[in-house]
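Spelled out, the chains give:
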Amino acid sequence: MSTKNNWNVPYSSIVWFYSAMRAHTKVLHVERDQDILFTITDNEDRNYKVLLLDEYRMGAAAVFKALEEFGNIDFIVYGGNWNAATSEAYKAAKENGVALFNYSGFMGALNLKKPKEYKQSAKGKSSTKPQEGA
């Protein structure tokens, strides 16, 4: 399998994310497709399409590009805890039924009954309180 993809997500990030998902207590099954697209089945037998990116500053244009390229997805994980998303990206994602998270935000979201409703604070700490632009 290629170590590069159209989004320049490093293979090391892909392997780390795949391993982290397999180790998550709420995840039963992880399937990797198209290099950076994952189907995750949780312990309540719900399936989620999750796109893994490495966007230092996730913007609305990247959200629209991801939707165009990958179609119907549930989550975009835009990278590590040092990465961030703009309020425009959150708005574009929400309008299209997609939730945006960094790694830790997504890990926390998977613990909820309704993971798309999980709100991650601007500092990377997660809470159930709404975030500006989310």
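Each remark here, short or long, concerns the structure printed above.
As a starting point, this report considers the structure included with it. Fair warning: this is a prediction, and the values are worked out from it, not measured in the lab.

Calculation notes
Residues numbered from 1 in each chain as written. Predicted model: local features only at pLDDT ≥ 70, side-chain atom pairs only at ≥ 80, totals over all residues. Heavy atoms only, no water. Helix = DSSP H or I, 4+ residues; strand = E, 2+ residues; numbered from the N terminus. Contact = heavy atoms within 4.5 Å. Areas by Shrake-Rupley, 256 points an atom, 1.4 Å probe, with all protein chains shown as cover. Core = buried A, V, L, I, M, F, W, Y, C linked by side-chain atoms within 4.5 Å. Buried < 20%, exposed > 50% of the residue type's maximum accessible area, 1.4 Å probe, protein only. Salt bridge = Lys/Arg side-chain N within 4 Å of Asp/Glu carboxyl O. Axes fitted to C-alpha atoms, helices over the stretch in contact; angles between N-to-C directions. Parallel < 35°, antiparallel > 145°, perpendicular 65-115°, else oblique. Nonpolar A, V, L, I, M, F, W, Y, C, P; charged D, E, K, R; others polar. Polar contact = N/O pair within 3.5 Å; in protein donor to acceptor, adjacent residues only side chain to side chain.

## So, the overall build of the chain
Here is step 1: Each helix and strand in the chain was counted, giving 4 helices and 9 strands.
Here is step 2: Mapped in sequence order, the helices and strands of the chain form the string α-β-β-β-β-α-β-β-α-β-α-β-β.
Here is step 3: Taking the contacts inside the chain whose residues are at least 6 apart along the sequence as the reference set, 51% of them involve residues at least 24 apart.
Here is step 4: Within the structure as shown, the chain displays about 7,400 Å² of accessible surface, and the carbon and sulfur contribution to it stands at 50%.

## As for the nonpolar core
Here is step 1: Membership of the largest hydrophobic core comes to 42 residues, with the highest contact counts inside it found for Met58, Leu100 and Phe106.
Here is step 2: Counting residues per element, this core draws most heavily on helix α2 (residues 60-70), at 6 residues.

## Side note on the pattern of salt bridges
Here is step 1: Here the structure, examined in full by the defined rule, presents 5 salt bridges.
Here is step 2: Put simply, arginine 32 and aspartate 35 hold a salt bridge, and the shortest N to O gap is 2.3 Å.
Here is step 3: Note that arginine 46 is salt-bridged to aspartate 42, the shortest N-O span being 2.7 Å.
Here is step 4: Aspartate 42 gets classed as buried once you look at its relative accessible area, which sits at 2%.

## Looking at the packing of α2 against helix α3 (residues 87-95)
Here is step 1: Look at α2 against α3: their axes get within 7 Å of each other, and the N-to-C directions meet at 30 degrees. Classified by the interaxial angle, the pair formed by α2 and α3 is roughly parallel. Facing Ala60, Val63 and Phe64 of α2, the residues of α3 in contact are Glu88, Ala89, Ala92 and Ala93.
Here is step 2: Of the residues in the contact of α2 with α3, the class split is 6 nonpolar, no polar and 1 charged.

## Observations concerning unusual backbone geometry
The phi angle of most residues is negative, glycine excepted, and most peptide bonds adopt the trans form.
Here is step 1: With a phi angle near 50 degrees, glutamine 34 is a residue other than glycine that sits in the positive phi range.
Here is step 2: Looking at the secondary structure, you find glutamine 34 in the loop between β1 (27-33) and β2 (37-42).
Here is step 3: Its relative accessible area of 46% is what places glutamine 34 among the partly exposed residues.
Here is step 4: In this model, aspartate 35 sits at a positive phi of 70 degrees, which is unusual for a non-glycine residue.
Here is step 5: Tracing the backbone shows aspartate 35 in the loop between β1 and β2.

## Some points on the environment of aspartate 35
Here is step 1: Given the relative accessible area of 12%, aspartate 35 is considered buried.
Here is step 2: Taking the C-alpha atoms as reference points, aspartate 35 and isoleucine 14, separated by 21 residues in sequence, lie 7.9 Å from one another.
Here is step 3: Looking at aspartate 35, its side chain comes within polar contact range of the side chain of asparagine 5, at 3.0 Å.

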